[in-house]
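Listed below, chain by chain, are the residues.
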Amino acid sequence: AQTVTQSQPEMSVQEAETVTLSCTYDTSESNYYLFWYKQPPSRQMILVIRQEAYKQQNATENRFSVNFQKAAKSFSLKISDSQLGDTAMYFCAFKATGAQKLVFGQGTRLTINP
Amino acid sequence: GAGVSQSPRYKVAKRGQDVALRCDPISGHVSLFWYQQALGQGPEFLTYFQNEAQLDKSGLPSDRFFAERPEGSVSTLKIQRTQQEDSAVYLCASTWGRGYEQYFGPGTRLTVT
């Protein structure tokens, strides 16, 4: 069974700063997807970024980028030039290629302060 | 276009009551998922449908939980004889199929008193 661990329950930074959220996972699968989801207080889970394990290049989406270390089973999210609207819970998630369900971590509550 | 919708947004039930939670997926999405999110935790998988077929129900915590998607579109998650430990947010997600992004609804917050 796969497990996903987010070791930072809460983080807080000032607006415009850069912040990195950590995620590690455990799997015996060789092909899989990794995701970062954002969940604001409205509860709507929104996909931030995804990474296919077979791709060596780290995914980027505007201010969001990941550092994917397959051998270390690490998948961190970097948010550059943080904005007040980035305040939310962030969840790291794993999906094996042959499976359907997502396996989520416990989440990191990120607060961006003005 | 319309996203995934869920109703009701909030539900309060007395212990022992039955509840039914509805999910309207994005039109044309083949796959539908239910997840349970306890307070302060990440979502946990409950069950998965491909069209009307329930292909995985390994995450349902007990036989009091039942889900259906009879016409391959709208899905209902039913909880019989609710218990306090059933209090959680129930999230529905849909997708075109394997490998595609799962789109989530806003969830139903169930409180059992």
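Trainee: Just checking my understanding: could you explain the overall build of chain B for this structure?
Mentor: Summing up its helical and strand segments, chain B has zero helices and 11 strands in all. Secondary structure elements in chain B, listed N-terminal to C-terminal, are β-β-β-β-β-β-β-β-β-β-β. Oriented by its inertia axes, the alpha-carbon framework of chain B measures out at about 35 × 25 × 25 Å. Partitioning the contacts of chain B with sequence separation of at least 6, the portion at a separation of at least 24 is 53%. Carbon and sulfur atoms make up 46% of the accessible area of chain B, which totals about 5,600 Å². Within chain B, one finds 12 positive and 11 negative side-chain charges whose respective centroids are separated by 6 Å.

Trainee: Got a minute to help me understand the interface of chain A and chain B in this structure?
Mentor: Think of interface size as the accessible area that goes away when the parts come together; that is how it is often given. Of the residues lining the interface, 20 residues belong to chain A; the matching set on chain B comes to 26 residues. Each partner contributes to the roughly 1,800 Å² buried at the junction of chain A and chain B, and carbon and sulfur atoms together form 48% of this total. Looking at the side of chain A facing chain B, the largest losses of area belong to R43(A), Q100(A) and K101(A), adding up to 38% of the total buried there. At the boundary of chain A and chain B, one finds zero salt bridges. At the boundary of chain A and chain B, one finds nine residue pairs in polar contact (both at pLDDT 80 or more). At the level of elements, β5 (32-39), β6 (46-52) and β10 (88-96) of chain A are the ones that each hand at least two residues to the side of chain A that touches chain B.

Trainee: I keep staring at the state of the cysteines and nothing clicks. Help me out?
Mentor: Disulfide: a covalent bond formed between the sulfur atoms of two cysteine residues. Per the counting criterion, the structure on display carries two disulfides over all chains. Across the disulfide, C23(A) is cross-linked to C92(A) (sulfur-sulfur distance 2.0 Å). An S-S torsion of about -70 degrees defines the bridge between C23(A) and C92(A) as left-handed. In this pair, C23(A) sits in the loop between β3 (19-21) and β4 (24-26) while C92(A) sits in strand β10, placing the two residues 69 residues apart along the sequence. A disulfide bridge connects C23(B) with C92(B), and the sulfur atoms are separated by 1.8 Å.

Trainee: Just checking my understanding: could you explain the pattern of salt bridges for this structure?
Mentor: Note that side chains of opposite charge can pair when their charged atoms are close. Scanning the model with the defined rule gives seven salt bridges over all chains in all. As a salt-bridge pair, K73(A) and D26(A) come within 3.7 Å of each other at their nearest N and O atoms. You can see K73(A) sitting in the loop between β8 (64-69) and β9 (74-79) and its partner D26(A) sitting in strand β4, a full 47 residues away along the chain. Since its relative accessible area comes to 42%, D26(A) is described here as partly exposed. A salt bridge links E68(B) to K78(B); the nearest nitrogen and oxygen atoms lie 3.3 Å apart. In this pair, E68(B) sits in strand β7 (residues 65-68) while K78(B) sits in strand β8 (residues 75-79), placing the two residues 10 residues apart along the sequence. Overall, the relative accessible area of 26% leaves E68(B) in the partly exposed class. Given the relative accessible area of 31%, K78(B) is considered partly exposed. Three or more residues joined by partner-sharing salt bridges are found here, namely R50(A), E52(A) and K55(A).

Trainee: What am I meant to see in the pairing of β8(A) here?
Mentor: On a regular strand, one side chain projects to one face of the sheet and the next to the other, so that they alternate. Residue and element names in this part refer to chain A. Sheet analysis places strand β7 (residues 60-61) next to β8, joined by two bridges and oriented antiparallel. Looking across to β8, one finds that T60 is bridged to S65. Adjacent in sequence and paired antiparallel, β7 and β8 are bridged by two residues, among which N62 carries a positive phi angle near 55 degrees. Two strands pair when backbone bridges link them, and β8 and β9 are joined in this way by six bridges, in the antiparallel orientation. Its bridge partner being in β9, F68 is matched across the sheet by F75.

Trainee: Whenever I open this one, the pairing of β9(A) confuses me. Can you help?
Mentor: Residue and element names in this part refer to chain A. Examined bridge by bridge, β3 and β9 share three bridges and lie antiparallel to one another. Note on β9: the bridge partner recorded for T20 is K78. Between β8 and the antiparallel strand that follows it, β9, lie four residues; K73 among them carries a positive phi value of about 55 degrees.

Trainee: Sorry, what's going on with the environment of G105(B) here?
Mentor: Mapped onto the secondary structure, G105(B) falls in the loop between β10 (103-104) and β11 (108-112). Given the relative accessible area of 0%, G105(B) is considered buried. The sequence separation of G105(B) and A93(B) amounts to 12 residues, and the corresponding C-alpha distance is 6.1 Å. The contact partners of G105(B), leaving out residues within four places of it in the chain, are R43(A), Q44(A), V4(B), Q6(B), L91(B) and C92(B).

Conventions we followed
- Residues numbered from 1 in each chain as written.
- Chains lettered and ligands numbered in written order.
- Predicted model: local features only at pLDDT ≥ 70, side-chain atom pairs only at ≥ 80, totals over all residues.
- Heavy atoms only, no water.
- Helix = DSSP H or I, 4+ residues; strand = E, 2+ residues; numbered from the N terminus.
- Contact = heavy atoms within 4.5 Å.
- Areas by Shrake-Rupley, 256 points an atom, 1.4 Å probe, with all protein chains shown as cover.
- Lys, Arg positive; Asp, Glu negative; His and termini not counted.
- Charge placed at Lys NZ, Arg CZ, Asp CG, Glu CD.
- Buried area = accessible area lost by both parts, 1.4 Å probe.
- Salt bridge = Lys/Arg side-chain N within 4 Å of Asp/Glu carboxyl O.
- Polar contact = N/O pair within 3.5 Å; in protein donor to acceptor, adjacent residues only side chain to side chain.
- Disulfide = S-S within 2.5 Å.
- Buried < 20%, exposed > 50% of the residue type's maximum accessible area, 1.4 Å probe, protein only.
- Pairing = 2+ DSSP bridges.

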